[in-house]
Amino acid sequence: MEQTNIKKPEVFKSESSIFSHPIQHPKPDQMKLPTWGVIVVLIIAFFILKPFIYITDKKRHGK
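Residues numbered from 1 in each chain as written. Predicted model: local features only at pLDDT ≥ 70, side-chain atom pairs only at ≥ 80, totals over all residues. Heavy atoms only, no water.

## Some remarks on the overall build of the protein chain
In step 1: For the protein chain, the count of helices and strands is one helix and zero strands.
In step 2: Residues classed as buried in the protein chain amount to 2% of the 63 residues present.
In step 3: Only carbon and sulfur atoms are counted for the fraction: they give 63% of the accessible area of the protein chain, which is about 7600 Å². (Helix = DSSP H or I, 4+ residues; strand = E, 2+ residues; numbered from the N terminus. Buried < 20%, exposed > 50% of the residue type's maximum accessible area, 1.4 Å probe, protein only. Areas by Shrake-Rupley, 256 points an atom, 1.4 Å probe, with all protein chains shown as cover.)

Next comes the structure, spelled out in structure tokens:
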């Protein structure tokens, strides 16, 4: 009978009661976006959503 070298997953031992799980890195096929890209997307979303949220009031226009 041959023995194969099968590695068992390592059990994560937490040194802190606050952070109790290992870090999970993004998967290789998961979408990645740099910080500046997130900021640009949020600015564009703001200008698209602003007309739907802002209600003009003729009594308060310019105040």
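## Examining helix α1 (residues 35-53)
In step 1: In this model α1 runs 26 Å from its N-terminal to its C-terminal C-alpha over 19 residues, within 8% of the 27 Å that 1.5 Å per residue would give.
In step 2: The largest bend in α1 amounts to roughly 25° and is located at Phe47, with the proline Pro51 lying one to four residues further along. (Expected span 1.5 Å × (residues − 1). Bend = angle between axes of the 7 residues up to and from the residue.)

## What about the packing of aromatic side chains?
In this description, an aromatic ring pair is defined by two values, namely the gap between the centres and the angle between the planes.
In step 1: Going through the model one piece at a time under the given rule, you end up with one aromatic pair.
In step 2: Look at Phe46 and Phe47: their rings are 5.2 Å apart centre to centre, the planes differ by 75°, and that puts the pair in the edge-to-face class.
In step 3: Judged by relative accessible area, which is 46%, Phe46 ranks as partly exposed. (Phe/Tyr/Trp six-rings, centres within 6.5 Å; stacked < 30°, edge-to-face > 60°.)

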